[in-house]
There are 2 protein chains.
Amino acid sequence: MTVTSSTDAAAEGHEAVALLERTRTAVHPELRSAVESLPGSVRRVAMYHFGWEHADGTQAAGPAGKAIRPALVLAAERALAWDPAGEPTRDQQHAAAGRQSAGAGPRQSAVRAAVAVELAHNFTLLHDDVIDEDPTRRHRATAWTVFGTPDAIIAGDAMMALALRLFAEDPHPASAAASARLATCVIELCAGQQADCAFEQRGPHEVSLDECVAMAMSKTGALLGASCALGALYAGAEEEQVAALDAFGREAGLAFQLIDDLIGIWGDPDRTGKPAGADLAAHKKSLPVVAALASGTPAAEELAELYRSPMDDAAVRRAADAVERAGGRDWAQFEAADRMSRAVHQLSRAVPDLSAGDDLLALAEFVTRRNR
Amino acid sequence: MTVTSSTDAAAEGHEAVALLERTRTAVHPELRSAVESLPGSVRRVAMYHFGWEHADGTQAAGPAGKAIRPALVLAAERALAWDPAGEPTRDQQHAAAGRQSAGAGPRQSAVRAAVAVELAHNFTLLHDDVIDEDPTRRHRATAWTVFGTPDAIIAGDAMMALALRLFAEDPHPASAAASARLATCVIELCAGQQADCAFEQRGPHEVSLDECVAMAMSKTGALLGASCALGALYAGAEEEQVAALDAFGREAGLAFQLIDDLIGIWGDPDRTGKPAGADLAAHKKSLPVVAALASGTPAAEELAELYRSPMDDAAVRRAADAVERAGGRDWAQFEAADRMSRAVHQLSRAVPDLSAGDDLLALAEFVTRRNR
């Protein structure tokens, strides 16, 4: 997989863009009503974080996030409930068993899981912004800068409890298994975030590439995997299919992280909204950087030396060049391609007729495209 | 209810002390094995927080907490599963339906709920210590002072996910209802903690007594109520009994908070480990203080004036005297007695034969006793 040009990407990504748009239409009303069920003071922070309200409580445009994770939940559910012969699938039987009102079909159930995933994702964003002291997210001031650290921590806690409450209140037969899976994933996200913080404290040569890949898998891959797994569970899939879809999401998630790290070094500032080399200037131990540092080349030494002091623009350019000469850029591009091919393999295990997995594939390709 | 002397308390509390000891014996092994299931880096913070490990990772004495909430879960479960005639109760039938191995009886199931409650409680302690910047808890350095704020936030998040995962993995028929109840309670705890932070920012006359009582009910009452409700759910009780036991725990929790606030002003430093008047010196808007401020008396004005500046020891003594003259001390003592009588009334609604509720009553009396 190579980083495609803007025009190709726009054409290829058309399907995924439409899919994400449909997902937001299906998920946002339920997401909003869940958030609005929070007690007043906590609700205000959450409404701001999602983008439904400005800092002063007046109405805003609504969520700026792309809803990748909810889209994976719904696409996974469709992929495994898909039955070209028109026979009732396990999903439909399960959904009927768990249905409370005549209007609640399989899609309806999976929407709840999609809302839970989006809440869990945003809980981690709220806490990560506090932990990393990030001032902006999606071009807006982060919640902790507006409401203070205590309120941002508390709102994150409440959103996480709300996510798991959605499952506890869901009569769908898969809800308990889904809740356990999401809770396990949150614990893995915590371990990933903890490792990320720990790595930032270490010197340039003190983080191995394996550790860094494992961290990215926990921090980014785990929730994409869990999103797919939850969709599969709600479709009434067998454990083997659930595990394969989880692995599909994880591998695609790692590819996504690799591409994201490449953008953090060589991204176009006009498109990313960040200055070129922002991750290098911040001394971030991203995957291409750690791969370069681990290469044992003279360029690795040069990079390590640059990482020991603050860098001006010229130093950032030299660092980017050193990552490339040390093989970090090539490694990340090949690794991303390899992860995507593993993802496709896992998808084919879960969905033998790959046409049922079209949407999942489109989403995986979308997130690993340079100008998403 | 008046604040009893040390000797009376020791005699009267004997039953509760034994009950708490038995609870710790039943709950701590499962609590520890749950905490040990966390990923390494997160586990270390959690093991330290609970007191199983010192800061350097070496073995320590174990939890210093009294396990009040787990004891309430188990006592509530026994109270509602209690059947003097020896007929199989709903609890026993339910537990049999949900049992996976021959050894797992009703007690076993309620232990899992007790562990979940203790995890949820300790998740709030970890985050509250970060938010309030408290340097010590139970005579030890708080986790954030030892491991840093990021690790303390992350460990709290993981403990909360773990608590709800215990329910999601529990085949007991009440587990989903219990999970929803605990998640709802966590959201209320968040609202209570948020209100507490907000009140600290306001002037002496800007917090009403009603707001302050509502905050204490959310911050302290809610989890004691939920503990009782979870025990009732695991006993297979009717919704009306569950609600009455929840109300019992909440009222007892408010009485507990009132007594705790009295101790914060007039407590014996030798017994509490805190200097006399510590809450006054910290300008804390505790319940007796807010009641005094709301009294419209000259002493209220005096107190408000003292709360506008830092206080030396003499000023703290004058403030304590002003709370007393403004009626704050009497109000809190009468209110605590009233809340306890409401608690007993709710208990009698849930458990018509009060002898089955002996343990719950003993626990409520224990927590509202001065020298607990």
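The model shown is predicted, which means the values in this text are computed figures rather than measured ones.

Procedures and definitions
Residues numbered from 1 in each chain as written. Chains lettered and ligands numbered in written order. Predicted model: local features only at pLDDT ≥ 70, side-chain atom pairs only at ≥ 80, totals over all residues. Helix = DSSP H or I, 4+ residues; strand = E, 2+ residues; numbered from the N terminus. Expected span 1.5 Å × (residues − 1). Buried ≥ 20, exposed ≤ 12 C-beta atoms within 10 Å, placed from the backbone. Least-squares fit on C-alpha atoms with pLDDT ≥ 70 in both. Contact = placed C-beta atoms within 7 Å. Axes fitted to C-alpha atoms, helices over the stretch in contact; angles between N-to-C directions. Parallel < 35°, antiparallel > 145°, perpendicular 65-115°, else oblique. Nonpolar A, V, L, I, M, F, W, Y, C, P; charged D, E, K, R; others polar. Core = buried A, V, L, I, M, F, W, Y, C linked by C-beta atoms within 7 Å. pLDDT = per-residue confidence, 0-100.

K.L.:
Honestly, helix α11 (residues 239-266) of chain A in this entry has me stumped. Any pointers?
P.N.:
An α-helical turn contains 3.6 residues, so any two residues separated by three or four positions project in the same direction. For α11 of chain A, which comprises 28 residues, the first-to-last C-alpha distance of 40 Å matches the rise-based estimate of 40 Å (1.5 Å per residue) to within 8%. Where burial is concerned, most of α11 of chain A is hidden: 24 out of the 28 residues are buried.

K.L.:
Any chance you could explain the relation of the copies chain A and chain B here in plain terms?
P.N.:
Each of the two chain copies can be brought onto the other by rotation about an axis and movement along it. Take chain A, turn it by 180°, move it 0.0 Å along the axis, and it overlays chain B with an RMSD of 0.0 Å. Overall, the copies show the geometry of a two-fold rotation axis. Comparing interface residues between copies, 100% of those in chain A also lie at the interface in chain B; the contact surface is shared.

K.L.:
Just to check I follow, could you spell out the packing of helix α9 (residues 175-201) of chain A against helix α10 (residues 209-234) of chain A for this structure?
P.N.:
Pairs of packed helices are described in terms of their axes, by the angle between the two and the distance that separates them. Residues and elements named next belong to chain A. Where α9 contacts α10, the two axes come as close as 7 Å, and the packing angle between them is 170°. As judged from the angle between their axes, α9 and α10 are roughly antiparallel. Among the residues forming the contact of α9 with α10, the class breakdown is 16 nonpolar, three polar and four charged.

K.L.:
Help me out: how do you make sense of the nonpolar core in this one?
P.N.:
The tendency in soluble globular proteins is for nonpolar side chains to be buried side by side. Within the largest apolar cluster, 261 residues are counted, with the highest numbers of intra-cluster contacts made by Leu 182 and Leu 363 of chain A together with Leu 182 and Leu 363 of chain B. Those residues in contact with Leu 363 of chain A that lie beyond four places of it in its chain are Ala 16, Leu 19, Ile 68, Ala 71, Leu 72 and Ala 75 of chain A.

K.L.:
So what exactly am I meant to see when it comes to the confidence of the model for chain A here?
P.N.:
The predicted coordinates should not be examined in detail at positions where pLDDT is low. Residues and elements named next belong to chain A. Counting all residues, the mean pLDDT for chain A is 89, and 88% of those residues have values of 70 or more. Mean pLDDT per element in chain A: helix α5 (residues 90-98) is the minimum at 46, and helix α8 (residues 149-168) is the maximum at 98. Here residues 1-7 scores under 50 on pLDDT; set against residues more than four positions off or in separate chains, the count is 12 contacts. Scored below 50 in pLDDT, residues 94-106 makes 19 contacts in the model with residues more than four places away or belonging to other chains. Interface confidence for the predicted complex, expressed as ipTM, amounts to 0.89; the pTM equals 0.90.

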